[in-house]
Amino acid sequence: MEFLTDEQFKKLTKPGITSVQLLSPHNSSSSRVTITRVTVEPEAEQSPHAHQSSEQIWVAISGSGLLMLGEGKTKAFNAGEVVRFADGEVHGFKNTGKKPFIYLSVTSPPVNFAPAYSTDLTDIYNFRPISEKLSTSGQPTEAKLEAIAKDGYQVIINLGLLGDPRYSLKDEKGLVTSLGMAYIHIPVNFTAPKENDLQAFFAAMDQNWDRKVLIHCAANKRVTAFLGLYLVIQKKWSMAEAFLPMKEIWEPDGVWSSFIAATLKKYGQVNN
């Protein structure tokens, strides 16, 4: 038997929201469930998010507000009501009442929610800021997409492929748009990059150059190669400056080295 008391609960906080981890991986050996008690202050909101491989049940204890669902949909949620979200289903909550809203959340399989309460973007895999308005990274989690939105990013460009849960999210487009950001997906085959993919990327970058943009793929390899080419060809950056993030992350294989060299030659650039 596991018997847990207040001193074993972990409290996670962010503006307007407190989540008390009643039973989670930090204090339990359970491999089946996480239970939290969440308090949302008046006018505060739990931004739309999704859990890739876990279902979640919310039990409203007190207060009232709106569930924030995918595609901008909402639904009233009040004390005494229960809602279940399937794996990957977008959900959030806004307290529209005058009193704190409290609900119990049951998640299975267990989830460590600590990252969802961190606003630090630097722990996203291979995160690299390029300028004040431009950053690159590997695949962000659902929680980090929420943090990205809160940091003022306006556009997400994804060069990764979909379908493999190790390297992609179940519904990234739905989550990104529900967070108020634009989503552009240009699937680039890592073993066979194509010029038309690069041209689509150039067009997306030209269109959004003055907005705050995060570009990502699975590991920030495709991205740093494509971005290096864009910065040299379209923005006239030096080769050393444009390809520095790529050199920090990886050494391109034969396929990518040939693709980069051929593209630079086509546009009259010297690869040195």
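Going by the structure above, here's the rest.
Just so you know, these numbers come straight off a predicted model, no measurement behind them. (Residues numbered from 1 in each chain as written. Predicted model: local features only at pLDDT ≥ 70, side-chain atom pairs only at ≥ 80, totals over all residues. Heavy atoms only, no water.)

1. What about unusual backbone geometry?
Part 1 of the reasoning: Looking along the chain, the bond that leaves Ser108 and enters Pro109 is cis, with omega of -5°.
Part 2 of the reasoning: Considering the arrangement of structural elements, one finds Pro109 in the loop between strand S10 (101-108) and strand S11 (128-131).
Part 3 of the reasoning: Although it is not a glycine, Glu43 adopts a positive phi angle of roughly 75°.
Part 4 of the reasoning: Along the chain, Glu43 falls in the loop between strand S3 (34-40) and strand S4 (45-49).
Part 5 of the reasoning: Note on Glu43: relative accessible area 70%, which makes it exposed.
Part 6 of the reasoning: With a phi angle near 55°, Asn126 is a residue other than glycine that sits in the positive phi range.
Part 7 of the reasoning: Mapped onto the fold, Asn126 is located in the loop between S10 and S11. (Helix = DSSP H or I, 4+ residues; strand = E, 2+ residues; numbered from the N terminus. Buried < 20%, exposed > 50% of the residue type's maximum accessible area, 1.4 Å probe, protein only.)

2. Section: the sheet that holds strand S13 (residues 155-158)
Part 1 of the reasoning: The five strands are arranged S11-S12-S15-S13-S14 in an open sheet whose pairing can be described as mixed. The open sheet is flanked by S11 and strand S14 (182-185), the only strands paired with a single partner. Direction aside, neighbouring strands of the sheet carry axes that sit 20° apart on average.
Part 2 of the reasoning: Where S13 and S14 come together, four bridges link them in parallel fashion. Within S14, the residue paired with Ile157 across the bridge is Ile184.
Part 3 of the reasoning: Sitting on the sheet, helix H4 (residues 221-233) touches S11, strand S12 (134-137) and strand S15 (213-216), and the angle it makes with S12 is about 150°. (Pairing = 2+ DSSP bridges. Axes fitted to C-alpha atoms, helices over the stretch in contact; angles between N-to-C directions. Contact = heavy atoms within 4.5 Å.)

3. What about the packing of aromatic side chains?
Part 1 of the reasoning: Evaluated as defined, the whole model comprises 16 aromatic pairs.
Part 2 of the reasoning: Taken together, a centroid distance of 6.4 Å and an interplanar angle of 75° make the contact between Phe77 and Phe93 edge-to-face. Of this pair, Phe77 sits in strand S7 (residues 74-78) while Phe93 sits in strand S9 (residues 91-94), and the two are 16 residues apart along the sequence. Phe93 matches Phe77 in its accessibility class, with the two residues each being buried. (Phe/Tyr/Trp six-rings, centres within 6.5 Å; stacked < 30°, edge-to-face > 60°.)

4. Describing the pattern of salt bridges
Part 1 of the reasoning: Applying the stated criterion across every chain, the model contains seven salt bridges.
Part 2 of the reasoning: With its nearest N and O atoms 2.5 Å apart, the salt bridge here joins Glu55 to Arg84. Of this pair, Glu55 sits in strand S5 (residues 55-62) while Arg84 is found in strand S8 (residues 82-85), placing the two residues 29 residues apart along the sequence. (Salt bridge = Lys/Arg side-chain N within 4 Å of Asp/Glu carboxyl O.)

5. Comments concerning the layout of surface pockets
Part 1 of the reasoning: Of the voids in this model, the largest pocket is the one considered here, and its volume is about 650 Å³.
Part 2 of the reasoning: As for the largest pocket, its lining consists of 37 residues, of which Ala50, His51, Val111, Glu142 and Ala143 are closest to the centre.
Part 3 of the reasoning: Only strand S2 (17-23), S3, S4, S5, S10 and helix H1 (142-150) provide two or more residues apiece to the lining of the largest pocket.
Part 4 of the reasoning: Ranked by the residues each element gives to the lining of the largest pocket, the list is headed by H1, at four residues. (1 Å grid on protein atoms, 1.4 Å probe; cavity = no way out; pocket = protein on both sides within 12 Å on 5 of 7 lines; lining within 4 Å. Points joined across faces, edges and corners; volume = space filled by probe spheres on them.)

6. Section: helix H3 (residues 195-208)
Part 1 of the reasoning: If you check H3, its first and last C-alpha atoms are 20 Å apart, about what 14 residues at 1.5 Å a residue would give, namely 20 Å.
Part 2 of the reasoning: Every buried residue belonging to H3 is among Asp197, Leu198, Phe201, Phe202, Ala204, Met205 and Asn208, and all of these are buried. An end-on view of H3 places all buried positions within 165° of arc, on one side of the element. Residues Asn196 and Gln207 are exposed on H3 and point more than 90 degrees away from its buried face. (Expected span 1.5 Å × (residues − 1). Arc of directions from axis to C-beta.)

7. Quick word on the side chain of Asn208
Part 1 of the reasoning: Its location among the elements puts Asn208 in helix H3.
Part 2 of the reasoning: Setting aside anything within four residues of it in sequence, one finds Asn208 in contact with Val155, Ile184 and Val213.

8. Regarding the sheet that holds S8
Part 1 of the reasoning: The strand order across the open sheet built from six strands is S1-S2-S3-S10-S5-S8, with neighbouring strands paired in antiparallel fashion. At either margin of the open sheet sits one strand with a lone partner, and together these are strand S1 (10-14) and S8. Neighbouring strand axes in the sheet, compared pairwise and without regard to direction, differ in orientation by 20° on average.
Part 2 of the reasoning: Of the pairings in the sheet, the one linking S1 to S2 comprises five bridges and is antiparallel in character. Bridging across to S2, Thr13 finds its partner in Thr18.

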